Amino acid sequence: MTNPNARRRTTLSDSVYHSLFGRISNGEYRVNEKLPPETVLSQEFGVSRPVLRMALERLREEGLIHSRQGAGSYVRAATASTPVGFSPVETLADIQRCYEFRLTIETQAAALAADRRDETALRGIAQALELMRAATGSHQHREDADFAFHLAIAQASNNQYFEATFRALREHINIGMRLHGMSLMAGGGLEETLAEHNGLFDAISAGDRAQASELMRGHLEHSRDRLFGGGLIDLRMSRQPPA
């Protein structure tokens, strides 16, 4: 029989993990920066130090932080051996291209997640969704929770290539999410966006592969169109084809 206290510790540590992951993803904690002491983080998140250490260990295993003996935990710099890399986002056209790429990989990841998810994977998606629900209730947008939600779906696909690609695109995706959040705050749409995420979670939970894929495509297209106001950039090459 599962120990309910152990399950609660795992749930709490997952929540702390997603929060810290979001801060690292967004640059709130920068490369080589030392994380706050465990006592400070434990108080901030309202958890025990063993629960906090479970979250920190997960971040270490994923290569996001490293520990220095007697000095605490530090954000790890990306290494040259990272298997996937992308040029920095420099223009709105780059953001549009990123959406095009996400439409390709995330629709398939959502379909696979519906086929392969388990209780642990669903819990990860649900925790990120709960963070988004709380932010929406406060009339705010949290791109860290948004990113965590989409990453959890990539993880639920049980295909490390989706997750690795999504992590490699973290900075690119966060820029688009941040701008999208600003457009939501300015023109409304927080509730609509939350409903789209809720629908995705329901489809994946139900194991509906086709619905999950369709809803992911619709969500990404709506996000892109809300950001660009329906006026996409013409990305056709200017060169004329040979005669």
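Up top is the structure.
Read on for a plain summary of the structure. (Residues numbered from 1 in each chain as written. Predicted model: local features only at pLDDT ≥ 70, side-chain atom pairs only at ≥ 80, totals over all residues. Heavy atoms only, no water.)

Moving on to the nonpolar core. Within the largest apolar cluster, 29 residues are counted, with the highest numbers of intra-cluster contacts made by Leu-20 and Leu-59. Each of two domains, domain 1 (13-75) and domain 2 (92-228), supplies a minimum of three residues to this core. Each residue touching Leu-20, except ones within four places of it in the same chain, is listed here: Tyr-29, Leu-41, Phe-45, Leu-52, Leu-56 and Leu-59. Counting 25 residues, the second largest nonpolar core, distinct from the first, contains Leu-129, Phe-149, Ile-204 and Leu-220. (Core = buried A, V, L, I, M, F, W, Y, C linked by side-chain atoms within 4.5 Å. Buried < 20%, exposed > 50% of the residue type's maximum accessible area, 1.4 Å probe, protein only. Domains from an automatic or database assignment. Contact = heavy atoms within 4.5 Å.)

One pass over the full model with this rule turns up three aromatic pairs. Relative to Phe-147, the ring of Phe-21 has its centre 5.7 Å away and its plane inclined at 20°; by these criteria the two rings are stacked. With Phe-21 in helix H1 (residues 4-25) and Phe-147 in helix H6 (residues 143-156), the pair connects residues that are 126 residues apart, well separated along the chain. Note on accessibility: Phe-21 and Phe-147 belong to one class, buried. Sitting over the face of the ring of Tyr-17, Arg-58 holds its NZ or CZ atom 3.6 Å from the ring centroid. The cationic tip of Arg-68 hangs over the ring face of Tyr-74; the distance from NZ or CZ to the ring centre is 3.8 Å. (Phe/Tyr/Trp six-rings, centres within 6.5 Å; stacked < 30°, edge-to-face > 60°. Helix = DSSP H or I, 4+ residues; strand = E, 2+ residues; numbered from the N terminus. Lys NZ or Arg CZ within 6 Å of the ring centre and 35° of its normal.)

On the surface, Leu-92, Leu-179, Met-182 and Ile-233 cluster together into a nonpolar patch covering about 340 Å² of accessible area. Locating Leu-92 in the fold gives a position in helix H4 (residues 92-116). (Patch = residues over 30% accessible without salt bridge, like charges linked within 9 Å, V, L, I, M, F, W, Y side chains within 5 Å. Areas by Shrake-Rupley, 256 points an atom, 1.4 Å probe, with all protein chains shown as cover. Salt bridge = Lys/Arg side-chain N within 4 Å of Asp/Glu carboxyl O.)

Take unusual backbone geometry next. Positive phi outside glycine occurs at Asn-32, with the angle close to 70°. With respect to the element layout, Asn-32 can be found in the loop between H1 and helix H2 (38-45). A residue is classified by how much of its surface remains accessible, and Asn-32, at 47% relative accessible area, is partly exposed. Despite not being glycine, His-139 shows a phi value in the positive range, around 60°. Overall, the relative accessible area of 59% leaves His-139 in the exposed class.

Our focus in this paragraph is the packing of H4 against helix H10 (residues 209-228). Close contact between H4 and H10 brings their axes to 7 Å; oriented N to C, the two are set at 160°. On the basis of their axis angle, the class for H4 and H10 is roughly antiparallel. When you trace H4 past H10, the crossing you get is right-handed. Partitioning the contact of H4 with H10 into residue classes produces 13 nonpolar, five polar and seven charged. (Axes fitted to C-alpha atoms, helices over the stretch in contact; angles between N-to-C directions. Parallel < 35°, antiparallel > 145°, perpendicular 65-115°, else oblique. Left-handed = near helix turned anticlockwise from the far one by under 90°. Nonpolar A, V, L, I, M, F, W, Y, C, P; charged D, E, K, R; others polar.)

This brings us to the layout of surface pockets. Taken as a whole, the second largest pocket spans an internal volume of roughly 160 Å³. The wall of the second largest pocket is formed by Asp-14, His-18, Arg-58, Asp-118, Thr-120, Ala-121, Gly-124, Ile-125, Gln-127, Ala-152, Gln-155 and Ala-156. Looking at the lining of the second largest pocket, the elements with two or more residues in it are H1, helix H5 (119-137) and H6. Considering each element in turn, the lining of the second largest pocket owes the most residues, five residues, to H5. The residue makeup of the lining of the second largest pocket, split by class, is four nonpolar, five polar and three charged. Both domains that furnish three or more residues to the lining of the second largest pocket are identified here as domain 1 (13-75) and domain 2 (92-228). (1 Å grid on protein atoms, 1.4 Å probe; cavity = no way out; pocket = protein on both sides within 12 Å on 5 of 7 lines; lining within 4 Å. Points joined across faces, edges and corners; volume = space filled by probe spheres on them.)

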